[in-house]
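Reading the structure
Each chain is listed here by its residues.
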Amino acid sequence: MALLVQKFGGTSVGTTARIEAVAEKVCRFRSEGHDIVVVVSAMSGETNRLIGLANEIMDEPTPREMDVLVSTGEQVTIALLTMALKKRQCDARSYTGSQVRILTDSAHTKARIRNIDEERMREDLAAGRVVVVAGFQGMDELGNITTLGRGGSDTTAVALAAALKADECQIYTDVDGVYTTDPRMVDSARRLDHITFEEMLEMASLGSKVLQIRAVEFAGKYNVPLRVLSSFEEGSGTLITLEEDSAMEQAVVSGIAFNRDEAKLTISGVPDTPGIASRILKPISNANIEVDMIVQNVGADNRTDFTFTVHRNDFKRAREVLEGVASELKAREVSGDSKIAKVSIVGVGMRSHAGVATKMFEALSDERINIQMISTSEIKVSVVINEKYLELAVRALHSVFELDKSEIEA
Ligand code: ADP
Ligand code: ASP
Ligand code: MG
């Protein structure tokens, strides 16, 4: 018999009827003799609703109070699910993050887990009880409530699985696995039977929000067997593994990720001299703004243009900082564009294939899509394009790299 950590996302616990369906599922696993720890999210839309309430009071609520507020969403669902389990004669107990002693650092709204005391859970499991834990939350050393960043219930589940050395961490959601790209954008997207941690981490980092980035990092680090599957249908979902699939020839590109979260800033006509990149970017990082892609052109007349991307939420602030830098450096101008999107192809198969980037660029050029920026790593190529061509680009790349459903079935 196995020890399983099962996480149910917001849509899966979005109504009391759905919570009852989750309880049915958990009871079934229990009756097969498995030990179960369940992690739940808040009902879908609830976290956003709570953030909205806070913003009615003030623009930038203090992070500590924000955590006290948003952690309530998960407290509702643990209680309701536990009631639904007990109604089915399935003994269970609910716990908030602090009760189960998920200890984090004090970085409110984006805290990191430091330690989990699994003793209490072990006692319940030994007594035959299902343990129901609130996702997304913990507490710091001083007893303050913390949260783990949006989508953080995935990380709670993986961390509990690591601490308990569970046989598998199962992430139940509203799709039946990880797809070649977001199935909500591309109908012909195909479910992957398995994907490596490395690829999943790139996909998550580059915008595929099916799993929180930290959850994948954590699972890779502690080698937690991780599976994504549907709350509503039967099926084996997608297994995330350390090893590449040796039985099958490795696809060159495993998936396509995209995001509309970034904005682009250019400072033009800056002196082309050593140290200029740090003089531009240091004030940006001093303002706590993270930079993603960077391009510096070869200049003429000892002057050059410097372009980089930041999160859209930081766009306004980054532009203000850059205006200051521009006047100091006597730059020609600062310009910005927030209507951009980043599209990335991801695959460990790229390591052993040449010409993957060229194929990507050709496919975009065939659709007359202009590439504004490029960045590559061993297993990914990302480009920045005009936001309005995002869907076209994703579909074209999905087809060119033979990821469409029909390609496999044919
Ligand atoms: P939950 O509330 O269960 O945590 P999320 O909304 O966080 O669910 O994640 C599931 C969603 O992720 C899907 O509905 C889907 O639209 C989106 N998604 C994005 N990229 C992918 C992908 N490559 N494969 C599967 N789902 C994806
Ligand atoms: N409820 C939180 C959110 O909406 C955490 C989660 O669902 O994983 O981000
Ligand atoms: Mg999620």
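Scroll up a little and you will see the structure.
Residues numbered from 1 in each chain as written. Chains lettered and ligands numbered in written order. Predicted model: local features only at pLDDT ≥ 70, side-chain atom pairs only at ≥ 80, totals over all residues. Heavy atoms only, no water.

What follows deals with unusual backbone geometry. Residues other than glycine predominantly adopt negative phi, and peptide bonds predominantly adopt the trans conformation. A positive phi angle, near 65°, is found at N288, a position not held by glycine. With respect to the helices, strands and loops of the structure, N288 is situated in the loop between α9 (276–286) and β15 (291–296). Using a relative accessible area of 69% as the deciding quantity, one classes N288 as exposed. Positive phi, normally seen in glycine, also occurs at E402, with a value near 55°. In this fold, E402 is placed in the loop between α12 (390–400) and α13 (405–409). (Helix = DSSP H or I, 4+ residues; strand = E, 2+ residues; numbered from the N terminus. Buried < 20%, exposed > 50% of the residue type's maximum accessible area, 1.4 Å probe, protein only.)

If you check the shell around ligand 2, you find S41, T47, E74, F136, R150, G151, G152 and S153 and nothing else. One nitrogen or oxygen atom from the side chain of R150 is found 2.7 Å from an oxygen atom belonging to ligand 2. Contact distances for ligand 2 include 2.9 Å between an oxygen atom and a backbone N or O atom of G151. Of the residues in the shell around ligand 2, the class split is one nonpolar, five polar and two charged. (Near = heavy atom within 4 Å. Polar contact = N/O pair within 3.5 Å; in protein donor to acceptor, adjacent residues only side chain to side chain. Nonpolar A, V, L, I, M, F, W, Y, C, P; charged D, E, K, R; others polar.)

The residue T82 is located in helix α4 (residues 72–87) in this model. With a relative accessible area of 7%, T82 lands in the buried category. When near neighbours in sequence (up to four residues on either side) are disregarded, T82 contacts A92, R93, S94 and V132. (Contact = heavy atoms within 4.5 Å.)

Not every one of the 17 residues close to ligand 1 is listed here, only the nearest: T173, D174, Y179, D182 and R184. One of the side-chain N or O atoms of D174 is found 2.9 Å from an oxygen atom in ligand 1. Taking Y179, its main chain carries an N or O atom lying 2.8 Å from a nitrogen atom of ligand 1. In the complex, the protein chains occlude 82% of the 570 Å² of accessible area that ligand 1 would expose alone. In terms of residue class, the shell around ligand 1 is built from six nonpolar, six polar and five charged. (Areas by Shrake-Rupley, 256 points an atom, 1.4 Å probe, with all protein chains shown as cover.)

Further remarks concern the packing of aromatic side chains. Overall, the coordinates contain three aromatic pairs when judged by the stated rule. Taking the centre distance of 4.8 Å and the plane angle of 10° together, the rings of F8 and Y172 count as stacked. Highlighted residues: F8 in strand β1 (residues 3–8) and Y172 in strand β9 (residues 168–173), separated in sequence by 164 residues. The exposure classification of F8 matches that of Y172, with both residues buried. With 5.0 Å between their ring centres and 35° between their planes, F218 and Y222 make a pair best called tilted. (Phe/Tyr/Trp six-rings, centres within 6.5 Å; stacked < 30°, edge-to-face > 60°.)

Right, let's talk about the packing of helix α2 (residues 46–57) against helix α3 (residues 63–70) for a bit. Direction vectors running N to C along α2 and α3 enclose 140°, while the axes themselves pass 10 Å from each other. Here α2 lies oblique to α3, going by the angle between them. As for how α2 packs across α3, the hand of that crossing is right-handed. Here T47, L50, I51 and A54 of α2 lie close against α3, whose contacting residues are M66, L69 and V70. (Axes fitted to C-alpha atoms, helices over the stretch in contact; angles between N-to-C directions. Parallel < 35°, antiparallel > 145°, perpendicular 65-115°, else oblique. Left-handed = near helix turned anticlockwise from the far one by under 90°.)

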